Structures are given as structure tokens and as C-alpha cells.
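Descriptive analysis of the structure
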Amino acid sequence: MKRPRFGRASRFHGMNRDVKQRLVRVTDRLHDPMLSVLTVLLAILIFGIVPLRAAGIFMAQGYGFAMTLLLASCVLILSKRLLAIFFMMVAVALAAAAVVIRVKLDSTLDLYVEAGASLTINVLLIVVVARAVFAPGVVTYHRVIGAVLLYLTIGLTFVSLFTFVGLLAPNAFSGMPLGYGAPFTSSVIYFSFVTLTSTGYGDITPIHPLARALCNLEGIIGQLFPATLLARLVTLELQSRRG
């Protein structure tokens, strides 16, 4: 007579439960440090890879898709919500589709798809990072760095929006090279952060009404963000000390 296999099943479920608990502990431990990691990745992209590629020093292709994968993997650690995972998968699929379209077709469709992927992952990051930065609890070093990450992500979100406007209306901006390539990407990123910080050098100017409306919105966000951030962080720190 064979023995029942309930012992093996219970051991298997026990091991599965232990693995899940260890994964949860690891992700909880990496949650706040991942904010700093994401900030470093975006800083390398914005202030390193994009300018070097625009200058012709760094010639690697496909860094946009690689960055999307890295950001998506970080989102998995920062958020376990199914909706966030769904939009993360959509962003990765769009980025992969943009690479395929760029190789197979000679059109600007890949620019729209890539901008859609960037917009999706950036909006997702804003939601996920804002929840982590402004959540109740002790204000740690990583959460302060996460506020910088949130600021950079807002700028990159408007990069995607400006890209859509520039593609739909070729004369929407004065002084900005249009079309696919490193100069266009570098110019849009430069213009977005100049607008976000209200620097306004004047070498690139919005002409289309929609472009001007986006510039107004980004400039307002850039002015309100530091005050809102400081007020929230001070409130959280006072609450943690009282608790």
C-alpha cells in the first residue's frame, strides 16, 4: 500500500511560502535604496549618455530600450500593485516595438511609439515614486534623494509630451532640430529642464499654442514643486518625532 503524498505537498507549499517571504523581505529592504539607484540611473542618462551621444562621442544604439528595462525592473521593487505591473509591461512592449519598427520600416512611427513608451514609464514612475517619497514615516536619506528623482522624472515626462507636439506640428518650436537622432533628443531634454527650472535662455522658443501651454504648465510645476516638497517632508519629520 502506497503512502499518501500529503507530506511532500505540505513540504512543497512550505518551501514556496518561505521563498515568497524571503522575496518580500528582500524587496522591502531594497525599497528605499532603489530610489537612490533610480536617481543615479536617470542622472547618468540625462547628464551623461544623451549629451555624449549628441556630441558624437558615445555612439551606442538602443539605450532608450535598455533604460526602459532598467526602470521597469526598479518599478517591480518599488510597487507590487498589479496595475503598476501592467503599465510597466505596456511600456516595455512599446519600447521593444519601437526598436523593431525602426529596423523594419523607414517612417516616423517608431518616434511616436518610443515617445509613448517613455511617457508611460515616466508617469508610472511619478506615481510610484511619489507614493514612496510622501508616504508616512521617517524621512530617510533615500527618500530625500527620491524627491530629486521625482523632479527629474517630471522633466522627462514633459520631454515625451514635447516630442509628440514636435512630431505633430513640425514648426511648434523655433531653434529645435526635428527628426530622429541624438541632436533632437538632446535638444528636447535640454528645453524641458530649462523650462522646468524657469531658466529661459531663449535659444529654443515655443511657437505652437499647445507647446506654449505645456511650457506654462511645466514652469508652474517647477515653481510649486520645491515648496510643496519641503512642506511635506517637514510635516513627515515632525510627525515621526512626535510618534
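This report concerns the structure included in the present document.

Scoring rules and cut-offs
Residues numbered from 1 in each chain as written. Predicted model: local features only at pLDDT ≥ 70, side-chain atom pairs only at ≥ 80, totals over all residues. Heavy atoms only, no water. Helix = DSSP H or I, 4+ residues; strand = E, 2+ residues; numbered from the N terminus. Contact = heavy atoms within 4.5 Å. Areas by Shrake-Rupley, 256 points an atom, 1.4 Å probe, with all protein chains shown as cover. Salt bridge = Lys/Arg side-chain N within 4 Å of Asp/Glu carboxyl O. Phe/Tyr/Trp six-rings, centres within 6.5 Å; stacked < 30°, edge-to-face > 60°. Buried < 20%, exposed > 50% of the residue type's maximum accessible area, 1.4 Å probe, protein only. Core = buried A, V, L, I, M, F, W, Y, C linked by side-chain atoms within 4.5 Å. Axes fitted to C-alpha atoms, helices over the stretch in contact; angles between N-to-C directions. Parallel < 35°, antiparallel > 145°, perpendicular 65-115°, else oblique. Left-handed = near helix turned anticlockwise from the far one by under 90°. Nonpolar A, V, L, I, M, F, W, Y, C, P; charged D, E, K, R; others polar. Expected span 1.5 Å × (residues − 1). Bend = angle between axes of the 7 residues up to and from the residue.

**Concerning the overall build of the protein**
Secondary structure assignment for the protein yields seven helices and two strands. Long-range pairs, those at least 24 residues apart, make up 72% of the contacts in the protein with a sequence separation of at least 6. Approximately 13,900 Å² of the protein is accessible, and the part contributed by carbon and sulfur atoms is 68%.

**Structural notes on the pattern of salt bridges**
Applying the stated criterion across every chain, the model contains two salt bridges. Residues Asp 110 and Arg 102 are paired through a salt bridge, measuring 2.9 Å at the closest nitrogen-oxygen approach. Taken together, the salt bridges that share partners define one network made up of Arg 102, Asp 110 and Glu 114.

**Looking at the packing of aromatic side chains**
Remark: the centre distance and the inter-plane angle together describe each pair of aromatic rings, the angle taken between the planes. Within this structure, the stated rule accounts for eight aromatic pairs. Between the aromatic rings of Tyr 112 and Phe 164, the centroid separation amounts to 6.4 Å while the plane-to-plane angle is 40°, which identifies the pairing as tilted. Residue Tyr 112 is found in helix 4 (residues 109-133), and its partner Phe 164 is found in helix 5 (residues 141-168); the two are separated by 52 residues along the sequence. With a relative accessible area of 26%, Tyr 112 lands in the partly exposed category. Ring plane angle 90° and centroid distance 5.7 Å describe the contact between Phe 162 and Phe 173, whose orientation is recorded as edge-to-face.

**Focus: the nonpolar core**
Ranked by size, the top nonpolar core spans 56 residues in total, and within it Val 129, Phe 162 and Phe 173 carry the most contacts. At the level of elements, helix 1 (6-54), helix 2 (63-78), helix 3 (82-104), helix 4, helix 5, helix 6 (182-196) and helix 7 (209-242) are the ones that each hand at least two residues to this core. At eleven residues, helix 5 tops the list of elements feeding residues into this core. For Phe 173, the contacting residues outside a window of four places in its chain are Phe 162, Val 165, Gly 166, Phe 191, Ile 204, Thr 205, Pro 206, Ile 207 and Ala 211.

**Considering the packing of helix 4 against helix 5**
In contact at an axis separation of 9 Å, helix 4 and helix 5 are set at 155° when each is read in the N-to-C sense. Compared by their axis directions, helix 4 and helix 5 come out roughly antiparallel. Where helix 4 crosses over helix 5, the two elements pack in a sense that is left-handed.

**Quick look at unusual backbone geometry**
Note: most peptide bonds trans; most residues except glycine with negative phi. Located in the positive-phi region is Ser 198, a residue other than glycine, with phi close to 60°. Of note, Ser 198 is situated in the loop between helix 6 and strand 2 (205-206). Judged by its relative accessible area of 42%, Ser 198 is partly exposed.

**A closer look at the environment of Leu 69**
Take Leu 69: it is sitting in helix 2. Take Leu 69: its relative accessible area is 38%, and that puts it in the partly exposed class. Linking Leu 69 and Ala 95, residues 26 residues apart in sequence, is a C-alpha distance of 8.8 Å.

**Some remarks on the packing of helix 3 against helix 4**
Between two packed helices, both the angle of their axes relative to each other and the distance between the axes serve to describe the pair. Interaxial distance between helix 3 and helix 4 falls to 8 Å at its minimum, and their mutual angle equals 160°. In terms of axis orientation, helix 3 runs roughly antiparallel to helix 4. For the pair helix 3 and helix 4, the sense of crossing is left-handed. Residues Ala 84, Phe 87, Met 88, Ala 91, Leu 94, Ala 95, Ala 97, Ala 98, Ile 101 and Arg 102 of helix 3 form the contact with helix 4, whose participating residues are Leu 109, Asp 110, Val 113, Glu 114, Gly 116, Ala 117, Thr 120, Ile 121 and Leu 124. By residue class, the composition of the contact of helix 3 with helix 4 is 14 nonpolar, two polar and three charged.

**Section: the environment of Ala 169**
Here Ala 169 lies in the loop between helix 5 and strand 1 (173-174). Separated by 42 residues in the primary sequence, Ala 169 and Ala 211 place their C-alpha atoms 9.4 Å from one another.

**A closer look at helix 7**
A rise of 1.5 Å per residue sets the reference length of helix 7, with its 34 residues, at 50 Å; its end C-alpha atoms lie 49 Å apart and thus fit the reference within 8%. Its maximal kink placed at Leu 224, helix 7 deviates by approximately 30°, while the proline Pro 226 follows within four residues. Taken together, the buried positions of helix 7 are Ala 211, Leu 214, Cys 215, Glu 218, Gly 219, Gly 222, Phe 225, Leu 229, Leu 233 and Leu 236.

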